[in-house]
Every structure is written in C-alpha cells, then in structure tokens.
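# Per-entry structural report
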Amino acid sequence: MLKNRRSRLTPFFDDNALDAILYTDMNNIRYLSGFTGTEAALLVARDRLWFLCDSRYTEQAREEVVDAEVVECGAARIDAIADIARVQGLVRIGFEASHLTVAVYRRMAEKLSGVEFVELGGELDGIRTAKDSAEIEQLAAVAELSSQAFLATIHLIRPGVMEVDIAMALELEMRRRGADGKAFDFIVASGERGAMPHGRASEKIIQAGEMITIDFGAAKNGYHSDETVTVACGEPGDRAREIYGIVKMAHDRAIAAVKPGISCKDLDYVARSYIGEAGYGDYFGHGLGHGVGLEIHEQPTLSPRSTALLGEGSVITIEPGIYLPGFGGVRIEDTVVVTADGCRLLTKVEKELRIL
Ligand code: ZN
Ligand code: ZN
C-alpha cells in the first residue's frame, strides 16, 4: 500500500529530473511512510528511502516505517541529509516549499552546496486527494463515530444552555467513543451568532426559538471528520424555515451532482446558483466544500475558482450556507466519498430540520 502511494511520486521525479524528494510535512510523511509520530524528515529516492528522526522516535520508526533506512540524527538532520546526498550522488532534490522555513532552506543550501534544490508546491499534497481503501475505512469510521457522538449529545440543546457547554459535551462524547480528540474547535453559533460562518462556541446562552449551527468533527488515527448540523431550539419562524429549506435543497442538489469527472467549480455552482436564484446569493460567501483526510482541510477545494476535477476516492465536504447579519444563519455539511457513479455519505446525522 505504501509502495503504491509512493508510486504516485513518479511524475514529480520524471517532470523535474529529480534524484530525491525531501519531505518535512508530517501529514505527507505519515502518508508515504506510515510513521505516526510528530517530528521527522523523509528523503525519498526513486527506489529507496531514508527516515530521519531523533532518538525519541528511533524505536517507533523502526516498527512503523518498515522499508526505510532509519537514520537517528537529532539536531544534525541537515548534516545527515548532506551525507546521504554525497554517498548516493543525489544532485537534484525536490522539497516542499510550503512546508519548509526559509531559515532551514538557507542552511540546507549552505551545507549541501553541490545540490540543486527544486521547489515543489501544493501539487505534492495533491497525491493524497484520491484516498485508498484503507483511508476510506478510517474516514468512514471517524465520521460515524462523530455523528453518533452528536446524536448522543443533541438532548442537551435547550434554552438556558451555553454554547460552550454543548461543545464540551460533544467533545467528551467523542473521546468516550474512541476519538483521539476533536478535529478542530467546534462551531456552536446560536441566534444572531449564526451569521458568523466561523462562530466558535461562546458563553452565549441559547434562547427559545433560535437556530443553532453546530460544526463538529473528530480525529482518529490521523484522519478527520467534518459535519455541520443546524437545529432549531423551538419553533424558529417562517424566515428561518425558508432559509433552512434553501440551504437543504442546495446541499441535496450538490450531493446528487457529485460524480467522478465533474469540476469542483461546476459542483460549487450547483449549490451557488440555487441559492442565488432563491435571492440569497450575497449571503453564501464561502466555497462549497473541501477535501478531508489527514488534514481537516485539504485538496481539492470546491469553489468558483477551482478547476480541479473530482476523482473516484476523493473525500470531500458539501457545506452550503446562508448567513444573514443581524438575523442568523444556516449551514448544512456532510462528508462524502466519491464513488464510480456518484457518492456515498460518510457523515450520518439526518439533515431534515430538527425542532428540539
Ligand atoms: Zn465543518
Ligand atoms: Zn468543512
């Protein structure tokens, strides 16, 4: 499986005439090597790899990173890379320009003076876009866990409860069900606060008749889930019901349109044009969704500017919303996996309007 993942690097080696690629981003290192720790570097040549870590991780690396040469080098990592490059004759090394500091780059350029460094960008992260079956299993499991934790917490949502109490109870429920932690700081935005797409749970007290947007996700074994449910705490009124209906239809239509080969911007347009025709186009200010995997936000991006095509095995969110300043907002989000002829929902909370 890891070999299969690393075979996705072949075009980078070919197109840039590289002898090796130096990885410093821990998500990419985990993806390519199986290492689950938090500090290392990975040097990948076409048919060989070196895993560089300090003594805290040597044992773990020997267990997890089965086909690499584990090099314990502590703070002398750049010297170790220089040694390998010299012995192996590596003269063109690609690196992750978006994950390496200028300071480290300068030290590398100084210590590996005979090496030409080739800047590689976000395209390197792009090899993680199509998930393999092991990843889809992990993503499905964490999404299921997170949805079940939400359903076990929903009874707490009632007038008089603070937003932050809901967030804490939900996190606890996830941990109880085996999550390693939360995927991000949950959004719990009630009443007018719902107009803030990223309104983190506050000390605001939930009132009767308010809509509450709860955006939550768990992390487990390195993988994440992402789901948003908007509920009403008592009868929310006609306007809130209208907005909910529009967002729900935009969400349903986008999910129905997911299939391999559709461009991310066309998919975004399915939801955006529906919300626009309903008269709320100015109040849906963010992209329709994003990839989810080892990072909570990863490629592809679903937005009016994203020309990427969806492929089978991509795991993405569909999350349209309408946010009305001074009134409130509605967002509905599911995480789906793209299948041969459509998609399958990984998140499991039913999205019909719930009046609690
Ligand atoms: Zn979310
Ligand atoms: Zn999201």
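Shown above is the structure to which this text applies.
Residues numbered from 1 in each chain as written. Chains lettered and ligands numbered in written order. Predicted model: local features only at pLDDT ≥ 70, side-chain atom pairs only at ≥ 80, totals over all residues. Heavy atoms only, no water.

## Focus: the coordination of the zinc ion (ligand 2)
With distances of 2.1 Å, the protein atoms coordinating the zinc ion (ligand 2) are Asp226 (OD), His290 (NE2), Glu319 (OE) and Glu333 (OE). Look at where the donors of the zinc ion (ligand 2) fall in the sequence and you get D-x63-H-x28-E-x13-E. The two metals, the zinc ion (ligand 2) and the zinc ion (ligand 1), are separated by 3.1 Å and share aspartate 226 as a common coordinating residue. In this pair, histidine 290 sits in strand 13 (residues 289–291) while glutamate 333 sits in the loop between strand 17 (328–331) and strand 18 (334–339), placing the two residues 43 residues apart along the sequence. The burial state of histidine 290 is the same as that of glutamate 333; both residues are buried. (Donors = N, O, S within 2.8 Å, 3.2 Å for Na, K, Ca; no water. Helix = DSSP H or I, 4+ residues; strand = E, 2+ residues; numbered from the N terminus. Buried < 20%, exposed > 50% of the residue type's maximum accessible area, 1.4 Å probe, protein only.)

## Section: unusual backbone geometry
Residues glutamine 299 and proline 300 are joined by a peptide bond in cis, for which omega reads 0 degrees. Considering the arrangement of structural elements, one finds proline 300 in strand 14 (residues 298–302). The backbone of alanine 17 shows a phi angle near 50 degrees, a positive value even though the residue is not glycine. Structurally, alanine 17 is set in the loop between helix 2 (10–16) and strand 1 (20–23).

## Quick look at the pairing of strand 9 (residues 210–216)
It is a general feature of regular strands that their side chains alternate between the two faces of the sheet. Counting buried positions along strand 9 gives 7 out of 7 residues, so the element sits mostly inside the fold. Alternating positions in strand 9 separate into two faces, Glu210, Ile212, Ile214 and Phe216 on one and Met211, Thr213 and Asp215 on the other, with burial throughout. In the sheet, strand 8 (residues 187–190) pairs with strand 9 via 4 bridges, with the strands oriented antiparallel. When the sheet's bridge partners are listed, valine 188 is paired in strand 9 with isoleucine 214. Sheet analysis places strand 9 next to strand 12 (residues 227–233), joined by 7 bridges and oriented antiparallel. Its bridge partner being in strand 12, aspartate 215 is matched across the sheet by threonine 228. (Pairing = 2+ DSSP bridges.)

## Here we look at the coordination of the zinc ion (ligand 1)
In the first shell of the zinc ion (ligand 1), the protein supplies Asp215 (OD), Asp215 (OD), Asp226 (OD) and Glu333 (OE), at 2.0 to 2.6 Å from the metal. With 4 donor atoms in place around the zinc ion (ligand 1) and angles of 56 to 151 degrees between them, the coordination shape is irregular. Counting along the primary sequence, the residues that act as donors to the zinc ion (ligand 1) give the motif D-x10-D-x106-E. (Tetrahedral: all angles 85-135°; square planar, octahedral: opposite > 155°, others 65-115°.)

## Points about the packing of helix 9 (residues 238–257) against helix 10 (residues 264–277)
It is the contact of helix 9 with helix 10, at a shortest axis distance of 8 Å, that shows an interaxial angle of 155 degrees. Between helix 9 and helix 10, the crossing angle belongs to the class labelled roughly antiparallel. Seen along the crossing, helix 9 lies across helix 10 with a hand that is right-handed. Across the interface between the two elements, Ile246, Met249, Ala250, Arg253, Ala254 and Ala257 from helix 9 touch Leu267, Val270, Ala271, Tyr274 and Ile275 from helix 10. (Axes fitted to C-alpha atoms, helices over the stretch in contact; angles between N-to-C directions. Parallel < 35°, antiparallel > 145°, perpendicular 65-115°, else oblique. Left-handed = near helix turned anticlockwise from the far one by under 90°. Contact = heavy atoms within 4.5 Å.)

## Observations concerning the packing of aromatic side chains
A full pass over the atoms with the stated rule returns 8 aromatic pairs. Here phenylalanine 35 and tyrosine 57 contribute two aromatic rings whose centre-to-centre distance is 5.3 Å and whose plane-to-plane angle is 90 degrees, an arrangement assigned as edge-to-face. Here the residue phenylalanine 35 occupies a position in the loop between helix 3 (26–33) and strand 2 (41–45), and tyrosine 57 occupies one in the loop between strand 3 (49–53) and helix 4 (58–64), the gap between them amounting to 22 residues. On the basis of relative accessibility, which here comes to 0%, the residue phenylalanine 35 falls in the buried class. Here the aromatic rings of tyrosine 105 and phenylalanine 117 are separated by 6.2 Å at their centres, their planes lie at 70 degrees, and the arrangement is edge-to-face. (Phe/Tyr/Trp six-rings, centres within 6.5 Å; stacked < 30°, edge-to-face > 60°.)

## Digging into the sheet that holds strand 10 (residues 218–220)
One open sheet holds the 3 strands; their spatial order is 7-10-11, and the pairing between them is antiparallel. The outermost strands of the open sheet, each flanked by one partner alone, are strand 7 (181–182) and strand 11 (223–224). On the sheet, helix 7 (residues 133–153) packs against strand 10 and strand 11 and is oriented at approximately 140 degrees with respect to strand 10.

## Here's the deal with the pairing of strand 12
Along strand 12, 7 of the 7 residues are buried, which leaves the element largely enclosed by surrounding structure. Of the two faces of strand 12, the one holding Glu227, Val229, Val231 and Cys233 and the one holding Thr228, Thr230 and Ala232 are both buried throughout.

## Some details on the sheet that holds strand 8
In space, the 3 strands of this open sheet follow the order 8-9-12, with antiparallel pairing throughout. Single-partner strands in this sheet number two, and they are strand 8 and strand 12. Strand-to-strand twist across the sheet, computed as the mean angle between neighbouring axes with direction ignored, equals 15 degrees. Where helix 7 meets the sheet, its contacts fall on strand 9 and strand 12, and the angle it forms with strand 9 comes to roughly 150 degrees. Its contacts with the sheet put helix 8 (residues 163–176) on strand 8 and strand 9, and the angle it makes with strand 8 is roughly 150 degrees.

## Thoughts on the pattern of salt bridges
Tallied over the full model, the rule gives 29 salt bridges. A salt bridge links aspartate 252 to lysine 248, with the nearest nitrogen and oxygen atoms 2.7 Å apart. Taken together, the positions of aspartate 252 and lysine 248, both in helix 9 and 4 residues apart, correspond to about one turn of that helix. Residues joined by salt bridges that share partners form a network here, namely Asp25, Arg128, Lys131, Glu295 and Glu298. (Salt bridge = Lys/Arg side-chain N within 4 Å of Asp/Glu carboxyl O.)

## Quick word on the packing of helix 7 against helix 8
Contact pair helix 7 / helix 8: the axes reach a minimum separation of 9 Å and the direction vectors enclose 130 degrees. Considering their axes alone, helix 7 and helix 8 lie oblique with respect to each other. Judged by the twist between their axes, the crossing of helix 7 over helix 8 is right-handed. Contacts from Leu145, Ser146, Ala149, Phe150, Ala152 and Thr153 in helix 7 reach Ile166, Ala169, Leu170, Glu173 and Met174 in helix 8.

These figures capture arrangement, not role.
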